Structure formats: C-alpha cells, structure tokens
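Here are the chains, one letter per residue:
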Amino acid sequence: RRHSRVAVRPEKLSRRHHAGMAARSNNIQGDDAGEATRLLMPGEHRGQGQGRRSEPPRIVKRNLAFQQCTGNLTIERRNIVRQLKRRDWFHTVLHRPTWEVVVGVVLMYTTTFFIFSGFYAITFQACDMETSRPFVKLFLLAVETTTTIGYGAPDGKFLSCGVTAFFVAVNVIIGVFLNALTLGIVFLRLARGWRRSATIIFSERAVVQEINGQFYFSFQVAEMRTHQLVEAHVRCYAVRHANVGKRRVYFQTHAMRLQHPDDELGGMLLLALPQTVVHRLDAWSPLVPDGCGTGTTTPTTTPVGPRAPKQAASSYQWPDCLQRAADYEAGGREAFGEGQGSFAPGGATQGLTPDALREFWCDSSLEILCLVEGIDEATSYSIQARHSYVADEIVFGASFAPCVGMSPKGTCEVDFGQFHQLDYGLDNKGFVIQAHS
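Residues numbered from 1 in each chain as written. Predicted model: local features only at pLDDT ≥ 70, side-chain atom pairs only at ≥ 80, totals over all residues. Heavy atoms only, no water.

Caption draft 1: Representation of the pairing of strand E10 (residues 367–376) within the structure. Burial within E10 is extensive, with 9 of its 10 residues counted as buried. Here 9 bridges tie strand E5 (residues 229–244) to E10, and the two strands are oriented antiparallel to one another. When the sheet's bridge partners are listed, Arg235 is paired in E10 with Leu371. (Buried < 20%, exposed > 50% of the residue type's maximum accessible area, 1.4 Å probe, protein only. Helix = DSSP H or I, 4+ residues; strand = E, 2+ residues; numbered from the N terminus. Pairing = 2+ DSSP bridges.)

Caption draft 2: Up close: the nonpolar core. Membership of the largest hydrophobic core comes to 35 residues, with the highest contact counts inside it found for Ile200, Phe202, Phe217, Phe219, Leu287, Trp361 and Val372. Secondary structure elements with two or more residues in this core: strand E2 (200–202), strand E3 (206–211), strand E4 (214–223), E5, helix H9 (354–363), E10, strand E11 (382–390) and strand E12 (394–396). Broken down by element, the residue count for this core peaks at 5 residues, all from E5. With residues near it in sequence (within four places) discarded, Val372 still touches Ile200, Phe202, Val221, His233, Val234, Leu269, Leu271, Ile383, Gln384 and Ala385. One finds Phe116, Ala142, Phe167 and Val168 within the second-largest nonpolar core, a separate group that totals 8 residues. (Core = buried A, V, L, I, M, F, W, Y, C linked by side-chain atoms within 4.5 Å. Contact = heavy atoms within 4.5 Å.)

Caption draft 3: Representation of the packing of helix H4 (residues 98–126) against helix H5 (residues 135–147) within the structure. Axis separation between H4 and H5 bottoms out at 8 Å; the angle between their running directions is 120°. One element, H4, and the other, H5, form an angle in the oblique class. The hand of the H4/H5 crossing is right-handed. Residues Tyr109, Thr112, Phe113, Phe114, Phe116, Ser117, Gly118, Tyr120, Ala121 and Phe124 of H4 lie in contact with H5, whose contacting residues are Phe135, Leu138, Phe139, Leu141, Ala142, Val143, Thr145 and Thr146. Residue composition of the contact of H4 with H5, by class: 13 nonpolar, 5 polar and no charged. (Axes fitted to C-alpha atoms, helices over the stretch in contact; angles between N-to-C directions. Parallel < 35°, antiparallel > 145°, perpendicular 65-115°, else oblique. Left-handed = near helix turned anticlockwise from the far one by under 90°. Nonpolar A, V, L, I, M, F, W, Y, C, P; charged D, E, K, R; others polar.)

Caption draft 4: Region of the structure containing empty space enclosed by the protein. Tallied over the full model, the rule gives 2 cavities of 30 Å³ or more. When its volume is computed, the largest cavity comes out at roughly 80 Å³. Along its surface, the largest cavity is lined by Leu64, Gln68, Cys69, Thr70, Gly71, Ser197, Ala198, Ile200, Phe202, Gln384, Ala385 and Arg386. Those elements that provide at least two residues to the lining of the largest cavity are E2 and E11. Per-element tally for the lining of the largest cavity: the top contributor is E11, with 3 residues. Taken together, the residues of the lining of the largest cavity break down into 6 nonpolar, 5 polar and 1 charged. Of the volumes computed, that of the second largest cavity is approximately 60 Å³. Residue lining of the second largest cavity: 13 residues in total, with Arg257, His279, Arg280, Asp282 and Arg324 positioned closest to the centre. Of the residues in the lining of the second largest cavity, the class split is 5 nonpolar, 4 polar and 4 charged. (1 Å grid on protein atoms, 1.4 Å probe; cavity = no way out; pocket = protein on both sides within 12 Å on 5 of 7 lines; lining within 4 Å. Points joined across faces, edges and corners; volume = space filled by probe spheres on them.)

Caption draft 5: Spatial organisation of the pattern of salt bridges. Overall, the coordinates contain 11 salt bridges when judged by the stated rule. Two residues, Arg58 and Glu393, come together in a salt bridge whose shortest N-O distance is 2.8 Å. Separated by 335 residues along the polypeptide, Arg58 in the loop between helix H1 (15–20) and helix H2 (82–86) and Glu393 in the loop between E11 and E12 bring together distant segments of the chain. Assessed through its relative accessible area of 4%, Arg58 is described here as buried. Here Glu393 falls in the buried class, since its relative accessible area comes to 8%. Two residues, Arg196 and Asp376, come together in a salt bridge whose shortest N-O distance is 2.9 Å. (Salt bridge = Lys/Arg side-chain N within 4 Å of Asp/Glu carboxyl O.)

Caption draft 6: Quick look at the confidence of the model for the chain. A residue-level look at the chain finds 69% of positions with pLDDT of 70 or above and a mean pLDDT of 74. Counting interchain partners and residues more than four positions distant, the pLDDT-below-50 stretch residues 293–310 has 60 contacts. Per-residue pLDDT stays below 50 along residues 426–437; that stretch engages in 42 contacts with residues further than four places along the chain or on separate chains. (pLDDT = per-residue confidence, 0-100.)

Now the structure itself:
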C-alpha cells in the first residue's frame, strides 16, 4: 500500500489538513487497511465530528507561548488548617500575588513612619525639645531614621535626651529588619524557579508507537538556554478517575516507570539536546485498561492479565511494588511461576488497540504529568518544570521529526522551529499513515 511521510507543525495545520490525516491513529491490518479511524484533535470527543467543545479541566494548563505551561497546579483545597499556614508566614507572603506584596511592603514602611512619629512627639514633649514642632517634621524624622539617610535637624543629639535616643535606636533596628525582609522577598520572587523553568520546553504532542509488538508512550523535552540544569532528571505520573467497586474515585495518582531514561539509574537527562522520554505500556502501566492481556507464555503456562490479583510478579495491584517488564526481559528478576514454565510479564501486546486505549483514557479523564527537575548552576536553586498531556494530545503511529542538525560551521545545531513537528508514515507494526494536502 502506498504511503507517504510528512513532517508537519501541528499548530499551523488547518482543520482541513487535520481531517486529512485521519488515519494516523489507525491500527490497519490485512483487508481492513482501507478503513480509517479518525484521530481526535484537541478539544474534540468521539461522535462530535467537526464540532468543538471547551477544553476539559486539567491539572496543568497550557497558558504560555510555544504550547508550554507555567507549572501552576489547578487544585482546589478545602478545610485548610489556617493555623499551620500562619506558622510559616514568610512563604505564605512569598507566594502571594506581586501587587499584594508591593502594597504590603508600602503599608509596612508607612505604618512604621507614623508609629515612630507619634513616639517622637511624646519624647520631645518629655525632653522639652521644640514642643511646637509640626507633625510633618516628626514624620520626616522617622523617615530619615528608618532609611538612615541623615538628619537635617539643628541638633542631631536631641539634647542628649535618653528617651528619644532609645526610640531612635529601636527605629533603626526595625528599619534594618524591614529592609532585609523587603530585599529577601524581592530577590526570591525575582529568582523563583518556575521562571527559570520557562525555557525547559516539552513537545506539544506525545506519541504512542508500536515497536516489536509493544506500545511505547513518549514525549520530547529540551532546554532552550545555553547554560544547562545540573543533575536534570524526569518523573511521570498518570492522574485518572477509576471505579472501585460501586464507587467512583477521582484524580488518583499512579507512578509511571520509565524505560528511557532508565528510572533505576535516576532518570538523568542531558537537556542540551532534545531528549525523548519513553514509558512502556506493560502489565504495570497505569495507561493500560483492566482486562487487556499483555503476557506471553510457554505452552506450560496459563496467560495472566495485567491486573490479575495476587500475582505481583506478573501484574500490578495496589499496594504492590511497581515493576517493569523490561527488568524481567533483561534478566533482572526471575519469572513468575518458577518450575511451571516461564512467564514473561508484559510480553507481546495482546488485546490492545489504539481505539481501546483512547477510549480508556477518555473515560478515565487521563492526564499524564511530566516533571523535569534539576539545579540551576547560577543560583543553586532547585528547578521543577511541569507539563501534562491529556488523551486528545497523544498521537498514535507518529514519531518526532529530527530537529538536530549540523550548522554551516560544522557544529551541532538545534532548530526549535522543528521541535513540535511529527513524522507520519509506515511504522513496523501496521500503522499506515496517509498524508493529504
């Protein structure tokens, strides 16, 4: 069957172009190769055709340029114990909006000026020093003392009045603390980690590929700046709804084991070049629906499903330790059912199709949270970049187009204009992608 490979920038595709790429999510085999299942585009759901709906609520919103996220988590919290938050008032103030912090600092200084203006009026009367001095001069004296800009009074010793000297000393000490507090708040707000993480970019879409009979979920991440994060590493979580008996539970968090980079080695990344993060949809993957068999067996072994109970060596059931099929295949642990043949958990994918996966993701309101962490070498601050993918942002049967090349000088060159582009074509397991103009 004829097919073509195209490299397209998704944000520039027209609706007609998107519709023409309908077969990119197909699992086409044999005589059914002519039938296509249309890929859902962001903002659509099945049965809606060309219509659109508003974007469903998501934990990490994409509200920055280049299809990136600020990293703010849209999670509402109720019945908060305010007393615990008041014990850490500094960080409470630090995370308030900027305009509130500015207004608070101005009010702090102004209140200090007025309070000490009153103290100076009282002490001047007690020490018989210019009792008729206008309040504005007392206010200016408080300003001069707090900010240590020098005195314009004829007698800088205040007629050796001890009470006035005491309040001048207290005024100076409080002024020093106010200056330190204001400087700390301003510096920390300017150097906040989420601003530094703005140049750690994630691919607009994630992809699912079938390689050697296995499904792999992957996305791309890179650093735009020339100076890199130290000890950069990645973690992923799947947040979805689930049915527990007759009860519906919401926003349940499931850790995702990573195959590349290997999470057992820390999931380390070299962000100077675009890195592809890969998660395998095996028997322990939270992206796999219940009841889909993913095991291969010898003739002496009965196949076991990915959620079969009491078989932690071949499937996952909370609160078992999360495993990976790759560990078994690499000889890192023994097979389940020793002495009764070998069982390869998460072997050749059985019963999994793009339609079944996407239906499961949509029904469970799946959102995949991707966290990249590291240390900024200039400030030594810990940085965390957050991004997420929902079901409509996961493309089947595509791969990331190359965005790394060689410059005319012969040096390595990363073209971020190509970063979001995908390649569609014939993969190694029957995904036939047809391109239309």
